[in-house]
Amino acid sequence: MAATHVSATAGAVEQALRGRRTDVGGVAFRIALFGALLISLLVLVILLADVFRTAWPVFRDRGVADFVTSNISSLPERAGVRQGIIGSLYIVAFVVVIAIPLGIGGAIYMEEYARDTRLTRVINANIRNLAGVPAIVYGLLGIALFVQFQALQPITGGRSIISGGLTIAILVLPIVIITSAEALRAVPRSIREAAFGVGATRWEVVRSHVLPYAAPGIFTGTILTLARAFGETAPLILLGAATGFLSTGSAGFVDTLKGPYTALPTLVFAYARKNLRAFEQITAATIVTLLVVLLLVNATAIILRNRYERKW
Amino acid sequence: MAGVSIEARPAGTSLSVSDLRLKMGRRRREGVVRRVFFAAALVSVLINVLIVVTLFDGTWDFLSRVELRLLWTDGWFPRRDMYDIRTIVAGTMVVAVVAMVVATPLGLGAAVYLAEYASRRARRWLKPILEVLAGIPSVVMGFFALIWISPNIMQSFFDAGLFSLGAAGIGVGILITPLVASVAEDAMFAVPGSLREASYGLGARKRATTIRVVFPAAVSGIVAALILGISRAIGETLVVAIAAGGTGGSLFTIDPRQQGQTMTAAMTALATGSDQVKGATLAFPSLFFVGALLFFMTLGLNVMSERFVRRVRKSY
Amino acid sequence: MSESGDPMDVTNRVQLPESEGGQAEHEQGPRLAVRQSRDEPEVQREVVFDVRDVSNYYGDFRAVRNVTLPVFRNEITALIGPSGCGKTTFLRNLNRMNDLIEGARIEGELLYHGVDLYDPQVDPVEVRRRIGMVFQKPNPFPKSIYDNVAFGPRIAGFTGNMDDLVEESLHRAALWDEVKDKLKESGMALSGGQQQRLCIARAIATRPDVILMDEPCSALDPIATQRIEDLMLELKHRYSIVIVTHNMQQAARVSDRTAFFTVEVHEDSGQRTGTVVEYDKTETIFTNPSDKRTEDYVTGRFG
């Protein structure tokens, strides 16, 4: 024991410096804080474990391929998620084609072009407000705009993929704008100045220097948006996705777009609301499918982003 | 063409204003691009206007036709023309309160740990996991609330039924925990290190420093995090629609162990059956009335939260 | 191209490359000018910038007031003075870089070869191509060395041989020999001094007639600084240079003319406004200044 060799005075000083006793309260506080974090993480683990455990018999007995390629059915032993996957892909396509270009464009205006005027502040307040509007309210907007509004109804076909896709695109627009704007803000001013300094116009500066520099950030934000679009459910329920069945026949492309539909998350909702005991496993298997799709989307994003970043 | 010269100004020639104008094509392109981006930015305003118009129009339609006494009755049963606002507002409040009871300690605890205690390496691991939790779709959390939270917590400890406001509330609470944690952590991270050092310099321990110095300094941001959490909890739909029950309607209740109806769940219930009821009763237009209520409640909370966030930014 | 009929075009192409003889002529010019006494009128110098009573505002705040000074062709004009005296702000008037700052405006008249730079018809984009700029911190684009130089001419619609132009610009910036084998590599991979010379090459590539330099050596070590200074003396035969510098020795070493800025603190509001105290030949400023404040500054008693 080292302490026995130390003189009495030194021992007393050491004792004093250590504090009168171990800081029990401090340790308890620290443990409590860590506990809070741990519980949050634990919930995630339990959730995943429980869902996978419940879903396991479906994949074991029928195989992944059978479940993924089977159509919706009221018989649990035949039910699958084919239409859900297709419907979700359609909806995400609307996001990619409409919300992402529009959102990046809006972000470019707000970050690169807009001066601090009253109008700019109004637009900014609008964007932030939209980001906080509950998802289900977008569903109401979708109903009013794409289902009830007589001028648009013939184009959208009522409660259709078009209506659902457009509504989700509107819903994620503020997220695209906010994340893209953040990425643009991270571009150093010196790069813009350098480009302006050699006589570039605003657009030339943005296109040749700001956008390439901000691309990885914008890209990451875009992926988050896609993940959100895949998982968003509430507006689609209002727009009939829960009760709809994607036409599986040989209908034309436009007719398919105008027809009834469903999506992966709404399928989870629909199955979860059927007879719980009978459909518990099917619901869990649908969730697993949804989570795997989300995982794939995110992984693709990370890989693509890393590859892009390595370019320079 | 043998090369367009871009020489600035040779000696002996005079310069005129027209030499310093941009070429027509480039100038025109610049104008077009600017207008396109401006239009893209304006879309947000348009969407906001459309939302407000939609909600007002539907609400007006509903209120002008409904008997006002039906807005204050025994419960929310749209198919029987009973639209008791108290029921769905109370249900929403119960869920929000339960959610905050869960999310406040978990979210703030996690935030304090990440901001004050965790090593840099631990942060690098823990934050992404919280982000994964934040990315769980709410429909998944709804199912989890029904098959795990309900039997393991509400049924075994609180003697509730399979469907209960409490189970939904806990699910919503877990769902908003990462959000609360991340906003609160940002606020604490913004507290200057010099304040902490001053506290340590006076001989304070870590715990005292965290509770007495960092927490008060970050209080605006923490309040903002909690308000934002409440706003999300109120607007959360799927967890409640799946786990709270009461799909056919609900009597007034503030008991978390009971089935119940929130504003969002009421809307989902209306919508899934709206094809059948359309025109027959006022059930369909009531959707917009509830939506308007929800919109303005969350708007108010969001604005409040932003005020607090701005206060943090001002002070440091 | 509508510009092909422009009579200036012919002159332009004829003028490049400049003959060695032409340079030799210039060699003596500015030094002689410095040695001339102050009272002697100068008629041989062509004015590039005629700055008349220019003030800078940020909103209501006046950052620089009442600057009047001519900038002459093929000279190096140095702007010196203590921190916060508005040198950089003033410099950025000359290529309308301040237009990028919100709420910034100027009053007064600023003529460039007799043309009002702030005429509503004038486009700052075109101005900046003719009046190049080199910044305090080397800021090459995160692209290849080649693309760094080629970007300016490309957007300006240059359709000649880009490889030649890039080589010529890098030559003039005294960087060619160091980078000729790695033109495809990133400009960010160069050393600080090389980066700054790359930025000079980039500024030269758009064929400007003026180069503005905002403390171009403040982030560089003495050897790199020396190279940039040598380069400036070389470049002034082709271009007119305006340089902001904190380093008085640098101003004394390279410049032909020096403007001494100072900052006045407003008694009531505490607002700090920069202005020019004295503008003269560099030799005069450093050996025989007429204003006490200049003398205090250059002798190191202040700032």
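Residues numbered from 1 in each chain as written. Chains lettered and ligands numbered in written order. Predicted model: local features only at pLDDT ≥ 70, side-chain atom pairs only at ≥ 80, totals over all residues. Heavy atoms only, no water.

### Notes on the overall build of chain C
Put simply, the test is: Runs of E in the DSSP output that reach at least two residues are strands. Runs of H or I that reach at least four are helices, and both are numbered from the N terminus. For every residue, the accessible area obtained with a 1.4 Å probe (protein chains only) is divided by the maximum for its type, and the residue is called buried under 20%, exposed over 50%, and partly exposed between those limits. In what follows, residue pairs with any heavy atoms lying within 4.5 Å of each other are defined as contacts. Exposure was quantified through the Shrake-Rupley algorithm and a 1.4 Å probe, taking into account, for residues, occlusion by the shown protein chains and nothing else.
On a plain count of helices and strands, chain C comes out with 12 helices and 10 strands. Burial analysis of chain C (303 residues in total) assigns 56% to the buried set. Across chain C, every contact between residues at least 6 apart in sequence was considered, and the portion connecting residues at least 24 apart equals 71%. Accessible surface, chain C as shown: approximately 12,800 Å² in total, 48% of it carbon and sulfur.

### Points about the interface of chain A and chain B
Using the following cut-off: Summed over both partners, the accessible area (1.4 Å probe) lost when two parts come together is defined as the buried area. Any Lys or Arg side-chain nitrogen found within 4 Å of a carboxyl oxygen on Asp or Glu counts as a salt bridge. What qualifies as a polar contact is a pair of N or O atoms within 3.5 Å, subject to a donor-acceptor requirement within protein and to the restriction that residues adjacent in sequence count only when both atoms come from side chains.
Each side of the interface is counted separately: chain A has 76 residues, and chain B has 76 residues. Here chain A packs against chain B, burying approximately 6,800 Å² in sum over the two surfaces, 75% of which is carbon and sulfur. Run the count over chain A and chain B and you get three salt bridges. The salt bridge involving B:Glu306 is made with A:Arg128; its shortest N-O contact spans 3.0 Å. Our enumeration of links across chain A and chain B arrives at 10 residue pairs in polar contact (both at pLDDT 80 or more). Counting residues per element, the side of chain A that touches chain B draws most heavily on helix 2 (residues 24-62) of chain A, at 18 residues.

### Things to note about the interface of chain A and chain C
Contact residues are listed per partner, giving 20 residues for chain A and 23 residues for chain C. When residues of chain A are sorted by the area they lose upon contact with chain C, A:Arg115, A:Glu193 and A:Val198 head the list and together hold 31% of the total. Applying the counting rule to chain A against chain C returns one salt bridge. A:Glu193 is the salt-bridge partner of C:Arg92, the closest N and O atoms lying 2.5 Å from each other. Counting every contact that joins chain A to chain C gives five residue pairs in polar contact (both at pLDDT 80 or more). In terms of residue count, helix 9 (residues 189-197) of chain A provides more of the side of chain A that touches chain C than any other element does, seven residues in total.

### Structural notes on the packing of aromatic side chains
Put simply, the rule is: Two rings from Phe, Tyr or Trp (for Trp, the six-membered ring) form a pair when their centres are within 6.5 Å of each other. A pair whose planes differ by under 30 degrees is stacked, one over 60 is edge-to-face, and the rest are tilted. In this scheme, the term charge over a ring applies when either NZ of a lysine or CZ of an arginine sits within 6 Å of the ring centre and within 35 degrees of the ring normal.
In the structure shown here, the tally under the stated rule is 20 aromatic pairs over all chains. With 5.0 Å between their ring centres and 85° between their planes, B:Phe295 and B:Phe296 make a pair best called edge-to-face. On the basis of relative accessibility, which here comes to 2%, the residue B:Phe295 falls in the buried class. Each member of the aromatic cluster is reached from another via a ring pair, and the members are A:Tyr109, A:Tyr113, A:Trp203, B:Phe37 and B:Phe38. One residue, B:Arg86, lies across the ring of B:Phe252, its end atom 5.2 Å from the ring centre.

### Quick look at the pattern of salt bridges
Note on pairing: side chains with opposite charge can pair once their charged atoms come close. Within the structure shown, the criterion is met by 39 salt bridges over all chains. For A:Arg228, the salt bridge goes to A:Glu232, with nearest N and O atoms at 2.9 Å. Because the salt bridges share partners, they merge into one network encompassing A:Arg128, B:Glu306 and B:Arg310.

### Quick notes on the side chain of C:Gln250
Turning to its location among the elements, C:Gln250 is positioned in helix 10 (residues 248-254). When neighbours within four sequence positions are excluded, C:Gln250 is seen to be in contact with C:Cys217, C:Thr225, C:Glu229, C:Met232, C:Ile243, C:Thr245 and C:Ser255.

### Examining the nonpolar core
In plain terms, the rule: As used in this record, nonpolar core signifies buried Ala, Val, Leu, Ile, Met, Phe, Trp, Tyr and Cys residues forming a set joined through side-chain atoms within 4.5 Å.
In terms of nonpolar packing, the biggest core is built from 238 residues, with B:Ile51 and C:Phe49 touching the most fellow members. At 19 residues, the largest contribution of residues to this core is made by helix 2 (residues 85-117) of chain B. In this structure, C:Phe49 is in contact with C:Leu69, C:Pro70, C:Val71, C:Leu94, C:Leu110, C:Leu111, C:Tyr112, C:Leu117, C:Ile131 and C:Val210, ignoring residues within four places of it in sequence. Core analysis: the next-biggest nonpolar cluster, separate from the first, contains 45 residues, C:Ile145, C:Val179, C:Ala205 and C:Leu235 among them.

### Some details on the packing of helix 8 (residues 192-205) of chain C against helix 9 (residues 222-235) of chain C
The geometry of a pair of packed helices is captured by two quantities: the angle between their axes and the separation between those axes. Residue and element names in this part refer to chain C. What counts is decided by this rule: To obtain an axis, a line is fitted to C-alpha atoms, over the contacting stretch when the element is a helix, and the angle between two such axes runs from 0 to 180 degrees between their N-to-C directions. For classification, angles of less than 35 degrees are called roughly parallel, those exceeding 145 degrees roughly antiparallel, those between 65 and 115 degrees roughly perpendicular, and all remaining angles oblique. Rotating anticlockwise by less than a right angle from the far helix to the near helix defines a left-handed crossing, while the corresponding clockwise rotation defines a right-handed one. The residue classification treats Ala, Val, Leu, Ile, Met, Phe, Trp, Tyr, Cys and Pro as nonpolar and Asp, Glu, Lys and Arg as charged. All others, Gly included, are polar.
Orientation of helix 8 relative to helix 9, taken along the N-to-C sense of each, is 20°, at an axis distance of 9 Å. In this view, helix 8 runs roughly parallel relative to helix 9, as classed from their interaxial angle. Considering the relative orientation of helix 8 and helix 9, their crossing is right-handed. In this structure, helix 8 uses Gly193, Gln196, Arg197, Ile200 and Ile204 to contact helix 9, whose residues at the interface are Ala224, Arg227, Ile228, Leu231 and Leu235. Tallied by class, the residues present in the contact of helix 8 with helix 9 amount to six nonpolar, two polar and two charged.

### Digging into helix 8 of chain C
Residue and element names in this part refer to chain C. Just so we agree on the cut-off: Multiplying one less than the number of residues by 1.5 Å gives the expected span of a helix.
Taking 1.5 Å per residue as the helical rise, helix 8 with its 14 residues ought to reach 20 Å, and the 20 Å between its terminal C-alpha atoms agrees with that figure. Within helix 8, 13 of the 14 residues are buried, which leaves the element mostly enclosed by the surrounding structure. One or two steps after helix 8, the chain reaches Arg207, where phi turns positive at roughly 55°.

### Looking at the confidence of the model for chain B
Let me state the cut-off plainly: Confidence of the predictor in every single residue is expressed as pLDDT, which spans 0 to 100.
Per-residue pLDDT for chain B has a mean of 87; in total, 92% of the residues score no lower than 70. Predicted confidence is poor over residues 1-5 of chain B, with pLDDT under 50, and the contacts of this stretch with residues over four places away or in other chains come to 12 contacts.

### Describing the pairing of strand 9 (residues 257-265) of chain C
A regular strand places its side chains on the two faces of the sheet in alternate fashion. Residue and element names in this part refer to chain C. Worth spelling out the cut-off: By definition, two strands form a pair when at least two bridges between them are found by DSSP.
In terms of residue burial, strand 9 counts as a mostly covered element, since seven of its nine residues are buried. Pairing of strand 3 (residues 76-80) with strand 9 involves four bridges; the strand directions are parallel. Bridging across to strand 9, Ala78 finds its partner in Thr258. Here strand 9 runs beside strand 10 (residues 272-281); their pairing, made up of nine bridges, is antiparallel.

### Some details on the packing of helix 5 (residues 165-189) of chain B against helix 8 (residues 219-235) of chain B
Residue and element names in this part refer to chain B. Close contact between helix 5 and helix 8 brings their axes to 8 Å; oriented N to C, the two are set at 155°. If you check the angle between helix 5 and helix 8, you find them roughly antiparallel. Crossing of helix 5 against helix 8: the hand is right-handed. Counted together, Val172, Ile176, Leu179, Val180, Val183, Ala184, Ala187 and Met188 of helix 5 and Gly221, Ile222, Ala225, Leu226, Leu228, Gly229, Arg232 and Ala233 of helix 8 form the full contact between these two elements.

### Regarding the environment of B:Ala283
Residue and element names in this part refer to chain B. Mapped onto the elements, Ala283 comes out in helix 12 (residues 283-315). Residue class for Ala283 comes out buried when judged on its relative accessible area of 1%. Separated by 204 residues in sequence, Ala283 and Arg79 place their C-alpha atoms 6.4 Å apart.

### Here's the deal with the sheet that holds strand 1 (residues 75-77) of chain B
Two strands in a sheet stick together by hydrogen bonds in their backbones, pointing the same way (parallel) or opposite ways (antiparallel). Ordered in space as 2-1-3 (chain B), the three strands form an open sheet in which the pairing is antiparallel. The sheet terminates laterally at strand 2 (82-83) and strand 3 (250-251) of chain B, the two strands that pair on one side only.

### Thoughts on unusual backbone geometry
All names here are of chain C. The residue Asp53 is not glycine, and still its phi comes out positive at about 55°. Within the element layout of this structure, Asp53 appears in strand 1 (residues 47-58). Judged by relative accessible area, Asp53 falls into the partly exposed class, the value being 41%. Here Asn74, not a glycine, exhibits a phi torsion of approximately 55°, which is positive. Note that Asn74 resides in the loop between strand 2 (61-72) and strand 3. Residue classification places Asn74 among the buried residues on the basis of a relative accessible area of 9%.

### Considerations on the pairing of strand 6 (residues 131-134) of chain C
Residue and element names in this part refer to chain C. Of the two faces of strand 6, both are covered, the one formed by Ile131 and Met133 as well as the one formed by Gly132 and Val134. Of the pairings in the sheet, the one linking strand 6 to strand 7 (residues 210-214) comprises four bridges and is parallel in character. Bridge assignment links Gly132 to a residue of strand 7, and that residue is Ile211.

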